[in-house]
Amino acid sequence: MNNGIHKLLIVGGGSAGWMAAALLSRMLPKLSISLVESPLVGTIGVGEASIPPLTHFNQLLGISEAEFIAATQGSYKLGIEFENWGAEGERYMHAFGSIGKSLGATDFHQLWLRQQATGDSTDFWRYSLNYQAAKANRFSPNAQLQGSPLAPLVHAYHFDAGLYAQMLRRYSENKGVTRIEGHITQVMQQDGRIASVVLDSGQTLSADFFIDCTGLAALLIGKTLATEFEDWGHFLPCDRAIAVPTQRTEPLQPYTRSIAHEAGWQWRIPLQHRTGNGMVYCSEYWSEDEATARLLANLDAPILAEPRLIKFRTGRRQQQWQQNCLALGLASGFLEPLESTSIHLIHSGLVRFIRLFPTDMDGGACREEYNRQSRAEFEQIRDFIILHYHLNRSRHGHSSAFWQHCATMEIPAHLKHKLDLFAQGGQVFRHQDELFSEAAWQQVFLGQGLLPAHYHPMADTPAAADLSQYLKDMGKVVDATVAAMPSHTDFLRSLAR
Ligand code: FAD
């Protein structure tokens, strides 16, 4: 017998609110779910790039890829290209999926390091199917040659998050979720728990459990329950963004671009109906006018709307589940968008909540476990993002005050250990359920210029000639697989038919 939650109120109708409504109504059909959103407070209106697990979220909902791409004006994303992050003029990609293929028990990147030590300067990404397809503007989810040792492409999407929220609203309402429009003016508590919210119309909405999806307002978790915000500005100093959409350009690139500038970085995200652009920057080093001017000077197509300023704080709520309230999305914390992880954190928070769904009203042990896992997840992603900033070009010579600050700032001990381990022998380990794979870490280390002092002795196992041949053959398989793929635009057209 379940003495726990029967009536649930989602507060907020941005990406977080409607993702919660959709997944909870799909997975917990007996729950009575309502969602309230304010006509007075808009959604954040940015968030166009994702990482591969979003494909699983849609699968859980039973939404097909063709349906999703059509409804959200989406495109495919095979990775993020980082320009000027390592040294000025250099670029590398965090391409999704694995790179190359290990030989026996030896990691592929160790074989590549050994080959480099012989004087072969072939790029690491020569062996990344994702990278090579991305740069050739090609895409096919199934492209695979007979007998190829390589895994197929791993993809995420670029998409219009506003259109996605509308799609999920239709989905949720079809599954019985009640939508209420109203601005919350008061939150009522009883014994420390949230009892109800009061709308400006005077209507009171009560529930057993509340999901705070009110964005940066954090109306329940922050303003009402006073859950402390752990500020990570000392690790990730950017605190502002300017966003501006431009007209679509050709060809439609299947990857995000991230371009480092003096006091921040610029994003470029190609969708079918527009390109999303923005500048994330640190207000200590750049004014709004400077950041806007730099962004506008670097656009490659006419703008479709005026540039918009967004202020944010990087960090997280100390407890993301407090009393009878779970915070999701921006209300729960924010890691800046460098690795497109925020929408994923909504997804993973929801899956975690469903797995830990309490069977009594207190939910004590479930809450504790949720908060423990969420902390670990946020910290692991935070460290991966810090790595990009810390291992920057100012290590290679002259750079701006902002980048020098990032290169010399204190970093978390766990990240320092990861850096030391890779610097010595190229070892990198995925901890527990860490989101980013070894290949992701390797690409940022190597892409930003950290070449290990030694390779692992196991990489000496194959004979030198055999290893050279193995790598040459692999390069040929990559080329042939990419050549067999349709262009990204043609593939999108075929989906629409
Ligand atoms: P919001 O969209 O702000 O929604 C808040 C909701 O709460 C609204 O419906 C509002 O009406 C409601 N509300 C607020 N107050 C009240 C009230 N008093 N009464 C009733 N309702 C109320 N994520 C990615 O995954 N990829 C990206 O590329 C990416 N880029 C980003 C770039 C920037 C610059 C920023 C700042 C964020 C980015 N994000 C990205 C994050 C992403 O935009 C958010 O995580 C996501 O949109 C979730 O927002 P939300 O639903 O939590 O909040």
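Residues numbered from 1 in each chain as written. Predicted model: local features only at pLDDT ≥ 70, side-chain atom pairs only at ≥ 80, totals over all residues. Heavy atoms only, no water.

J.: Before we move on, can you summarise the nonpolar core with the specific residues and values?
T.: The biggest cluster of nonpolar side chains holds 137 residues, and the ones touching the most others in it are Leu8, Leu24, Ile211, Phe353 and Tyr389. Once residues within four sequence positions are removed from consideration, Leu8 is found in contact with Leu24, Leu31, Ser32, Ile33, Ser34, Ala207, Phe209, Ile211 and Phe353. (Core = buried A, V, L, I, M, F, W, Y, C linked by side-chain atoms within 4.5 Å. Buried < 20%, exposed > 50% of the residue type's maximum accessible area, 1.4 Å probe, protein only. Contact = heavy atoms within 4.5 Å.)

J.: Run through the domain arrangement of the protein, naming residues and quoting values.
T.: Interfaces are often sized by the amount of accessible area the parts lose when they come together. What the domain assignment reports for the protein is domain 1 (7-75 + 159-233 + 315-380), domain 2 (99-153 + 412-483) and domain 3 (240-311). If you look at the interface, domain 1 gives six residues, while domain 2 gives seven residues. Of the roughly 520 Å² buried between domain 1 and domain 2 on both sides combined, carbon and sulfur atoms contribute 66%. Run the count over domain 1 and domain 2 and you get zero salt bridges. (Domains from an automatic or database assignment. Buried area = accessible area lost by both parts, 1.4 Å probe. Salt bridge = Lys/Arg side-chain N within 4 Å of Asp/Glu carboxyl O.)

J.: Now, about the layout of surface pockets: what can you tell me, with residues and values included?
T.: Approximately 600 Å³ is the volume attributed to the second largest pocket. As for the second largest pocket, its lining consists of 19 residues, of which Ser348, Arg352, Gln373, Glu377 and Asp433 are closest to the centre. Those elements that provide at least two residues to the lining of the second largest pocket are α9 (342-355) and α10 (364-390). Tallying contributions element by element places α9 first for the lining of the second largest pocket, with six residues. Here the lining of the second largest pocket is composed, by residue class, of five nonpolar, seven polar and seven charged. (1 Å grid on protein atoms, 1.4 Å probe; cavity = no way out; pocket = protein on both sides within 12 Å on 5 of 7 lines; lining within 4 Å. Points joined across faces, edges and corners; volume = space filled by probe spheres on them. Helix = DSSP H or I, 4+ residues; strand = E, 2+ residues; numbered from the N terminus. Nonpolar A, V, L, I, M, F, W, Y, C, P; charged D, E, K, R; others polar.)

J.: Can you lay out the packing of aromatic side chains for me, pointing to particular residues and giving the numbers?
T.: If you walk through the whole model with that rule in mind, you get 33 aromatic pairs. For the pair Tyr76 and Phe491, a centre-to-centre distance of 5.6 Å together with 70 degrees between the ring planes defines the contact as edge-to-face. On the criterion of sequence distance, the pair formed by Tyr76 in strand β3 (residues 75-77) and Phe491 in helix α15 (residues 488-496) is long-range, its members being 415 residues apart. In this structure Phe491 comes out as buried when scored by relative accessible area, which is 13%. Seen in terms of ring centroids, Trp321 and Phe353 are 5.3 Å apart; in terms of plane orientation they differ by 70 degrees. Their pairing is edge-to-face. Separated by 32 residues along the polypeptide, Trp321 in strand β19 (residues 321-322) and Phe353 in helix α9 bring together distant segments of the chain. Above the face of the Tyr171 ring, Lys175 is positioned so that its terminal group lies 5.1 Å from the ring centre. (Phe/Tyr/Trp six-rings, centres within 6.5 Å; stacked < 30°, edge-to-face > 60°. Lys NZ or Arg CZ within 6 Å of the ring centre and 35° of its normal.)

J.: Describe the packing of helix α4 (residues 108-117) against helix α14 (residues 464-483), and please don't skip the residues or the numbers.
T.: Where α4 meets α14, the closest approach of the two axes is 11 Å, and the angle between their N-to-C directions is 115 degrees. Once α4 is placed against α14, the crossing between them reads as left-handed. Contact residues: α4 offers Phe108, Leu111, Arg114 and Gln115, while α14 offers Ala464, Leu467, Ser468, Tyr470, Leu471 and Met474. Across the contact of α4 with α14, the residue classes tally to seven nonpolar, two polar and one charged. (Axes fitted to C-alpha atoms, helices over the stretch in contact; angles between N-to-C directions. Left-handed = near helix turned anticlockwise from the far one by under 90°.)

J.: Lay out the site of the ligand in plain terms, naming residues and giving numbers.
T.: If you check the shell around the ligand, you find 32 residues, and the closest are Gly13, Val41, Val46, Ala49 and Ile343. Within the backbone of Ser38, an N or O atom sits 3.2 Å from a nitrogen atom of the ligand. Notes on the ligand: free accessible area 1000 Å², of which the protein chains cover 96%. Counting residues per element, the ones that place at least two in the shell around the ligand are α1 (15-27) and α9. When residues in the shell around the ligand are grouped by element, the largest group, three residues, is from α9. Partitioning the shell around the ligand into residue classes produces 16 nonpolar, 14 polar and two charged. Here the shell around the ligand gathers at least three residues from each of two domains, domain 1 (7-75 + 159-233 + 315-380) and domain 3 (240-311). (Near = heavy atom within 4 Å. Polar contact = N/O pair within 3.5 Å; in protein donor to acceptor, adjacent residues only side chain to side chain. Areas by Shrake-Rupley, 256 points an atom, 1.4 Å probe, with all protein chains shown as cover.)

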